[in-house]
Amino acid sequence: MDPVELSMIAIDRDRPAAREFDRLSEAVLTVAAIYGPNASGKSNLLEALAWLSDAVWRSLANWDEVIPREPFRFGKGPATSSTFDIELIVGGVRFEYSLEVDDSAVLFEGLYSYPERRRRVLFEREGDEIRFRRGLGVLAGTRELLTPTTLALSAATRLRDSEIGSAGRAIAGIRSLGASRMRRLARGPGIVAPFVSTTRLFNDSGAEGQTPLFEKKESGDNGEPTRGLDATRKSAMALLRLADFGVHDVRIVKHPIEHGADQSSPRRRHVQLIHSVEGQQLPFEMGEESAGTQAWFELIGPVLDALEHGQILLFDESDASLHPRLSGKLLELFRDPDTNPRGAQGPRGGC
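Keep in mind the model is a prediction, meaning the values are calculated, not measured.

Draft legend 1. The arrangement of the side chain of Ser-59 in detail. Its place among the elements puts Ser-59 in helix 1 (residues 42-62). Look at Ser-59 and you get buried, because its relative accessible area is 0%. The residues touching Ser-59, leaving out its near neighbours within four places in the chain, are Asp-54, Thr-149, Thr-150, Leu-151 and Ser-154.

Here it is as structure tokens:
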């Protein structure tokens, strides 16, 4: 199968979604849509990004003798290795990560940075042999964690104070909504994706005193005004009302602990949306809401979390149940520097 590339480089620098970086000659987009006919590979592209993210995050703990990839099925695809390349900005520095795997081993792995616009090798690995850049001796212990199926970047990500760890955590932090087939492969059984759920934002223990997304915070240490990006209840409520103007509030119903049950066990919870109708406050179960309201509710938590941390958030078939106005608002949140000052990106497929 021929290589496929998704580029977020902006051709027109004057568009709202374009962002500039000091050490990068090109401007980068915060949103992009992938268009094409059915079965043209749009979802596969997002699935590949989701798989790479989970591979960096989980290979050390979850991969054993087999690399859970899904090769191209036609022609010689099943016998051909899979290659992945990603370039991203972390902490103002451009990084490039390359990976080649087959079913049983990591064949090649390399991480490079461009701190002064010149390529610098951080590490390269071919099979069981790995070479770190001089001065990165602290990572030598990573060798002891490697198996044929373990990514070196997955092991190095555990080291909090290294630039290799920063790049690894940025890749592992890519979120995906809808791109689930290959992500389930990389994840292994019984593990839940690291999403900040919308339900959590409405818990009574939510973040009191935090500045909502759409309001300014006080000045930061450098004297410049910072934007409130905490995923607070108020921000989530404002977004929820865009989908349904009749929603007055959200209630988290906690089921009581049954007699004889372990008192330390967490209580089961479910969500009710409170509608204000003719002066009455009427609770509706989430299953009673429209498909569009349910879909939008599920999006709110991951979207606010991505905006808060400047992460990449992948959407596959994001507008399947959404009104066009909501799809437009979703894109606006990522385009607007006021709601996205940290350069979170939202590639979207299924168009």
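Draft legend 2. The pattern of salt bridges, seen in detail. Under the counting rule described, the total for this entry stands at 12 salt bridges. Residues Glu-87 and Arg-94 are paired through a salt bridge, measuring 2.8 Å at the closest nitrogen-oxygen approach.

Draft legend 3. Here's a closer look at the sheet that holds strand 14 (residues 280-285). The sheet built from three strands is open, its strands ordered 12-13-14 with antiparallel pairing. A single partner strand is all that each edge strand has here, and the edge strands are strand 12 (247-254) and strand 14. Across the sheet, the mean angle from the axis of one strand to that of its neighbour is 30°, orientation sign disregarded. Packing of helix 7 (residues 233-243) onto the sheet brings it into contact with strand 12 and strand 13 (269-277), and relative to strand 12 it is tilted by some 120°.

Draft legend 4. Region of the structure containing helix 9 (residues 324-335). Between the first and last C-alpha of helix 9 there are 16 Å, a value that for 12 residues agrees with the 16 Å anticipated at 1.5 Å per step. Among the residues of helix 9, those classed as buried are Leu-326, Ser-327, Leu-330, Leu-333 and Phe-334. Angularly, the buried residues of helix 9 cover 115° about the axis, an arc narrow enough to put them on a single face.

Draft legend 5. Region of the structure containing the sheet that holds strand 7 (residues 120-126). The sheet built from five strands is open, its strands ordered 4-5-6-7-8 with antiparallel pairing. Edge positions in the sheet fall to strand 4 (82-90) and strand 8 (129-132), since each of these pairs with one other strand and no more. Mean inter-strand twist for the sheet, computed between neighbouring axes without regard to direction, equals 10°.

Draft legend 6. Up close: the pairing of strand 1 (residues 18-21). Direction of pairing for strand 1 relative to strand 2 (residues 24-29): antiparallel, over a ladder of three bridges. Looking across to strand 2, one finds that Ala-18 is bridged to Leu-29.

Draft legend 7. Main features of the pairing of strand 8. Residues Ile-130 and Phe-132 point to one face of strand 8 and are all buried, whereas Glu-129 and Arg-131, pointing to the other face, are not buried. The pairing of strand 7 with strand 8 spans four bridges and is classified as antiparallel. Residue Glu-124 lies in a different strand from strand 8, and its bridge partner there is Arg-131. Hairpin remark: strand 7 followed by strand 8, antiparallel, with two residues in the connecting loop; positive phi at Gly-127, about 65°.

Draft legend 8. The packing of helix 8 (residues 291-309) against helix 9, seen in detail. Close contact between helix 8 and helix 9 brings their axes to 11 Å; oriented N to C, the two are set at 10°. Classified by the interaxial angle, the pair formed by helix 8 and helix 9 is roughly parallel. The segment helix 8 lies against helix 9, with Trp-296, Leu-299, Val-303 and Leu-307 engaging Leu-326, Leu-330, Leu-333 and Phe-334. Its residues assigned to classes, the contact of helix 8 with helix 9 comprises eight nonpolar, no polar and no charged.

Draft legend 9. Seen up close, helix 1. For helix 1, which comprises 21 residues, the first-to-last C-alpha distance of 28 Å matches the rise-based estimate of 30 Å (1.5 Å per residue) to within 8%. Along its length, helix 1 reaches its greatest deviation from straightness, about 45°, at Val-56.

Draft legend 10. Examining the packing of helix 1 against helix 4 (residues 163-172) more closely. Running from N to C, helix 1 and helix 4 cross one another at 130°; their axes reach a closest spacing of 7 Å. Relative to helix 4, the element helix 1 lies oblique. For helix 1 against helix 4, the interelement crossing comes out left-handed. On the side of helix 1, the interface is formed by Leu-52, Ser-53, Val-56 and Trp-57, while helix 4 contributes Gly-168, Ile-171 and Ala-172. In terms of residue class, the contact of helix 1 with helix 4 is made up of five nonpolar, two polar and no charged.

Draft legend 11. View of the environment of Ile-11. Take Ile-11: it is sitting in the segment before strand 1. Exposure remark for Ile-11: the relative accessible area of 78% places this residue in the exposed category. For the pair Ile-11 and Glu-26, spaced 15 residues apart in the sequence, the C-alpha separation amounts to 8.5 Å.

Draft legend 12. Main features of the nonpolar core. Judged by nonpolar contacts, the single largest core of 39 residues is most densely connected at Trp-51, Tyr-97, Leu-99, Leu-111, Phe-123 and Ile-164. Listed by contribution, the elements that provide at least two residues to this core are helix 1, strand 4, strand 5 (93-101), strand 6 (106-114), strand 7, strand 8, helix 3 (152-156) and helix 4. For this core, the leading source of residues is helix 1, giving eight residues. Beyond its immediate stretch of four places on either side in the chain, Leu-99 contacts Trp-51, Leu-52, Ser-82, Thr-83, Phe-84, Val-106, Phe-108, Glu-109 and Leu-151. In terms of nonpolar packing, the next biggest core, distinct from the first, is built from 36 residues, Leu-177, Leu-240, Ile-252 and Phe-334 among them.

So, how was this worked out
Each residue is numbered by its place in its chain's sequence as written, counting from 1. Only residues with pLDDT of 70 or above have their local features reported here, since the model is predicted, and side-chain atom pairs are shown and tallied only from 80 upward, although totals for entire chains, interfaces and linings are computed over all residues. Hydrogen atoms and water are omitted, and side-chain values are computed over all heavy atoms in the structure. Secondary structure is summarised from DSSP: a helix means a run of H or I of at least four residues, a strand means a run of E of at least two, and numbering begins at the N terminus for each. Three exposure classes are used, based on accessible area relative to the maximum for each residue type with a 1.4 Å probe and protein chains only: buried under 20%, partly exposed in between, and exposed over 50%. Whether two residues touch is decided by their heavy atoms; if any such pair falls within 4.5 Å, the residues are in contact. Each salt bridge in this description consists of a side-chain nitrogen of Lys or Arg and a carboxyl oxygen of Asp or Glu lying within 4 Å of one another. Note: two strands are recorded as paired if DSSP finds a minimum of 2 bridges between them. Helix axes use the C-alpha atoms of the stretch in contact, all axes being lines fitted to C-alpha atoms, and the angles between their N-to-C directions lie in the range 0 to 180 degrees. To estimate how far a helix should extend, the number of its residues minus one is multiplied by 1.5 Å. Working note: the arc is built from the helix axis to C-beta atom directions. For classification purposes, an angle smaller than 35 degrees is called roughly parallel, one larger than 145 roughly antiparallel, one from 65 to 115 roughly perpendicular, and anything else oblique. Put simply, Ala, Val, Leu, Ile, Met, Phe, Trp, Tyr, Cys and Pro go in the nonpolar bin, Asp, Glu, Lys and Arg in the charged bin, and everything else, Gly too, in the polar bin. Here the bend at a residue is taken as the angle between two axes, fitted respectively to the seven residues that end there and the seven that start there. For any pair of crossing helices, the crossing counts as left-handed if the nearer helix is rotated counterclockwise from the farther one by less than a right angle, and right-handed if it is rotated clockwise. In these notes, a set of buried Ala, Val, Leu, Ile, Met, Phe, Trp, Tyr and Cys residues joined through side-chain atoms within 4.5 Å is what counts as a nonpolar core.

Purely spatial values, then, with no claim about function.
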